[in-house]
Amino acid sequence: MTVQNIISLLGGLGLFLFGMKYMSRAINQVAGNKMKDLLERLTRNRFKGFFLGVLVTMVIQSSSATTVMLMGFLNAGIMDLAQATGVIIGANIGTTITSVLIALDVSAIAPICIFIGTVMALFSKKQQRKYTGQIILGFGILFFGLKYMSGDDAMGVLKTSVGFQSFITRTNNPFLGLIIGIIMCSVLQSSSAAIGILQMLALNGLMPMSLAIHLIIGVNVGSAMPLFLSAIGAKTNAKRAALIYFIFDFVGMLLFVPISLFTPFVSLIENVSTNGAVQVAAGHIVFKIVTALVLLPFVKVIVKISERIIQPKEHETELRFVYIDRKLNSNMLALVPQISKEVERMALLARKNIVIACEGFLKKDTSREREIRDNEELINWLNHHISDFMVTVTSHALPAADSEYIGRLFHVITDLERIGDHALNILERTELVMQGNMVFSDAALKDFQTIYEKALELLDRSIGAFTNMHLSADEEHELHALEDSIDHLTIQAQDSHVERLRKKECSTSSGVLYTKLLQDLERVGDHSYNIAWAARKDKNLIRQI
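Computed from a predicted structure; not experimentally measured.

### Comments concerning the packing of aromatic side chains
Thinking step 1. This model, assessed by the stated rule, comprises 12 aromatic pairs.
Thinking step 2. Between Phe 361 and Phe 440 the ring centres are 5.5 Å apart and the planes differ by 65°, which places this aromatic pair in the edge-to-face class. Note that Phe 361 is positioned in helix α17 (residues 332-363) and Phe 440 in the loop between α19 (400-435) and α20 (442-468), a separation of 79 residues in sequence.
Thinking step 3. The class for Phe 361 is buried, based on a relative accessible area of 2%.
Thinking step 4. In textbook terms, an aromatic cluster arises when at least three aromatic residues are bridged by ring pairs, as seen for Phe 361, Phe 440, Phe 448 and Tyr 514.
Thinking step 5. When the ring centre of Tyr 323 is taken as reference, the NZ or CZ atom of Lys 341 above it lies at 5.5 Å.

Structure (C-alpha cells):
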C-alpha cells in the first residue's frame, strides 16, 4: 500500500466524517427543537422513552448527541435518571440507521445530492430551505466519501495486499478484535463512522464476519468514549448518564462474545445476505436490539448501579450553577432549558429576599440579614455568569425561537437583579429604622403591607407567566392594572404620610426613610411587570420601565 493509497483512504474517511457531522448539525437545526420538545414531554414512561430514543436518534443520526442532550435535561431537572435511561437504551438502537443506509448502497445518488444540496444551501432565501439543503449536501458528501474510500485507489488496493490478507487471516482472537474496535471508535469519535468502515471492508471482501462481529462489539464499547470526555468535570447526573451508556454496551459485550464463540450466530448472519455491508449492518442491529431487550426491564437496577458508582459531590460554595453544565456544550438545544432553570432559580431567590426584607420591616426584625446578603451575592453572581454563558450560546447557530427566547432572558435577569437590589435596600433601611428607634404609625405600616402584598402578587404572577412563556391579553391587562394600583397606592401612601408629618404624628427622619421604602416596593412592581411583558411572544420589543 503506497502513500497515495493511504492519502486516498484518509481523504475518503474525512469526507465521510465531515458529511455525517454536517448533515447531523443541519438536522438539529431543522428538527432538533421538535425532538427536544418530544423528549421533554414523552419520557415519563420508560417504554415510551425507549421508542422515543429510537426515533430521536434515527432523526439526528447520533446516539452520543441524544445522550448529551439528555445530560442537559438531567441538569435542568426536566427528567430524572430512570426516564433518561430508557431513552439512552432506545438511542443505541436508533444509531443503527446509518449502517442500514450504507447497506442499501445509495452512493449512486451521492453526486446528485451534492449538487441539489449545494444549490439549496447557497441560493435559498428561506433559512429552513437552506438547512434542508445542508442535510441533502451532507448526505451526499457522506456517501461520496464512502464510495471514494472503498475505491481501487483506497481500500480496493488492500485486496492485493499480502500483509493485510495475512493479518485478517491470523486475527481470529476475539479479544484482539474487541481492542481494535474500541481503538477505532475512540479515535474516530463516532460508532457510525467505525461501523461504516467495517461495512466498506466487508463489501470489498476484506472483513470476514467472524472477525467483524468482535470489531462491532468493540466499536460499541468504544462509543462511550466521547460521552466520558463530555462528562469530565460535569455534574453528577451527567456522569451517571455517560456511565449508563457504557453499561449498555458493556453488558452487550458480555452477552455477545460468548454468543459469537459458542453458537452459530455468525453463520446465521452470513446467511442473511452475501453482501458484506449488509452482514455487518445486520450484526450491528442484532447486537443493539438484543442488548436493549435484555436491559430494558432492569432500568431501575441500572440507575442504582450508576448512583452507587458515582456518588454526589459536596459543593463548597453556593456561587455555582445548579442546572447549567458548562462541559456539555456540544448540543446547544440541551443548554436552553438549563439556562431557563437557572433564571427560574434566580427569580425564586429574588422573591425570597423581598419577602424576608418586607416582613423584617413590618416586624422590626433583621435577624435574617445574613441570608439576604448571601442571596443577593448569589443573585449578582448568577446575573453576570448567566449573561456571559448566554453570550457564548448565542455565538452558535440556534433555532429562531430559542434565539429570541434567550434575547428576552437578558432583559429578565436584569429585572431580577434589580428586584434583588431593592430587597437589599429595604433591609438596609430597616436597619436604620432600628438603629434610630424610629416609630411608624399603624396606618403607615398598614399602607406598606398593602403595597407589599400587591407587589408580591404581581411578582409571582409575572414569574409564572414567563416560566410558562404564556401571557394572554386578558392576563396582561390584569397585571397592568395591578401595577397601576401599586403606583396609585404608593402615591396615596406618600400623601398620607406627608399629612401625618404635618400633624407631627411621625418624625421627619422616619418620613424620608418611609418614602424610600415605598419607592422600593413601587420599583419592584415595575420590574415585575417587565418580566411578565417579556412572556408575550408577539411583542417585538421588551418594555423597560
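Still more ground to cover, so stick around.
### As for the packing of helix α4 (residues 81-94) against helix α15 (residues 276-295)
Thinking step 1. For the pair α4 and α15, the least separation of the axes is 9 Å and the interaxial angle reads 165°. Between α4 and α15, the angle falls in the class roughly antiparallel. Our pair here, α4 against α15, has a crossing hand that is left-handed. Along the contact surface, α4 presents Ile 89, Asn 92 and Ile 93, while α15 presents Lys 288, Ile 289, Ala 292 and Leu 295.

### Description of a nonpolar patch on the surface
Thinking step 1. On the surface, Ile 109, Ile 112, Phe 115, Ile 116, Val 119, Leu 122 and Phe 123 cluster together to form a nonpolar patch covering roughly 720 Å² of accessible area.
Thinking step 2. Looking at the element boundaries, Ile 112 is found in helix α6 (residues 110-123).

### Section: the environment of Ala 26
Thinking step 1. Following the sequence through the fold, Ala 26 ends up in helix α1 (residues 3-41).
Thinking step 2. Once you skip the residues sitting within four places of it in the chain, Ala 26 turns out to touch Tyr 131, Gln 134 and Ile 135.

### Looking at the packing of α4 against helix α13 (residues 236-262)
Thinking step 1. Put simply, α4 and α13 touch, their axes get as near as 10 Å, and they point 40° apart. It follows that α4 is oblique to α13 by the angle criterion. The handedness of the crossing between α4 and α13 comes out as right-handed. In this structure, α4 uses Leu 81, Thr 85, Ile 88, Ile 89 and Asn 92 to contact α13, whose residues at the interface are Asn 237, Arg 240, Ala 241, Ile 244, Tyr 245, Phe 248 and Asp 249.
Thinking step 2. For the contact of α4 with α13, the residue count by class is 7 nonpolar, 3 polar and 2 charged.

About the cut-offs
- Residue positions are given per chain, counted from 1 along the sequence in the order it is written.
- Owing to the predicted nature of the model, reporting of local features is limited to residues with pLDDT of at least 70; listing and counting of side-chain atom pairs is limited to 80 or more, with chain, interface and lining totals taken over all residues.
- As a rule here, side-chain values cover all heavy atoms of the structure and leave hydrogens and water aside.
- Stacked, edge-to-face and tilted labels apply to pairs of Phe, Tyr and Trp rings (six-membered ring for Trp) whose centres lie within 6.5 Å, assigned for plane angles under 30 degrees, over 60, and everything in between, in that order.
- Put simply, DSSP H or I for four residues or longer makes a helix, DSSP E for two residues or longer makes a strand, and each gets a number counted from the N terminus.
- Each residue is placed in one exposure class: buried if its accessible area under a 1.4 Å probe, protein chains only, is under 20% of its type's maximum, exposed if it is over 50%, and partly exposed if it falls in between.
- As a reminder, the over-ring test applies to NZ of lysine and CZ of arginine, requiring each to be within 6 Å of the ring centre and within 35 degrees of the ring normal.
- In this analysis an axis means a line fitted to C-alpha atoms, helices contributing only their contacting stretch, and an angle means the value between N-to-C directions, from 0 to 180 degrees.
- In this scheme, roughly parallel covers angles under 35 degrees and roughly antiparallel covers those over 145, while 65 to 115 is roughly perpendicular and the rest are oblique.
- Crossings are classed by handedness, with left-handed meaning an anticlockwise turn of the near helix from the far one by less than a right angle and right-handed meaning a clockwise turn.
- By definition in these notes, contact holds between two residues if any of their heavy atoms fall within 4.5 Å.
- Residues enter a patch when their relative accessible area is above 30% and they make no salt bridge; the linking distance is 9 Å between like charges and 5 Å between nonpolar side chains (Val, Leu, Ile, Met, Phe, Trp, Tyr).
- In this description, accessible areas are obtained by the Shrake-Rupley approach with a 1.4 Å probe, and a residue is regarded as covered only by the protein chains that are shown.
- By definition here, a salt bridge exists when the distance from a side-chain nitrogen of Lys or Arg to a carboxyl oxygen of Asp or Glu is within 4 Å.
- The classification used treats Ala, Val, Leu, Ile, Met, Phe, Trp, Tyr, Cys and Pro as nonpolar, Asp, Glu, Lys and Arg as charged, and all other residues, Gly among them, as polar.

The values reported here are purely geometric and, on their own, carry no functional implication.
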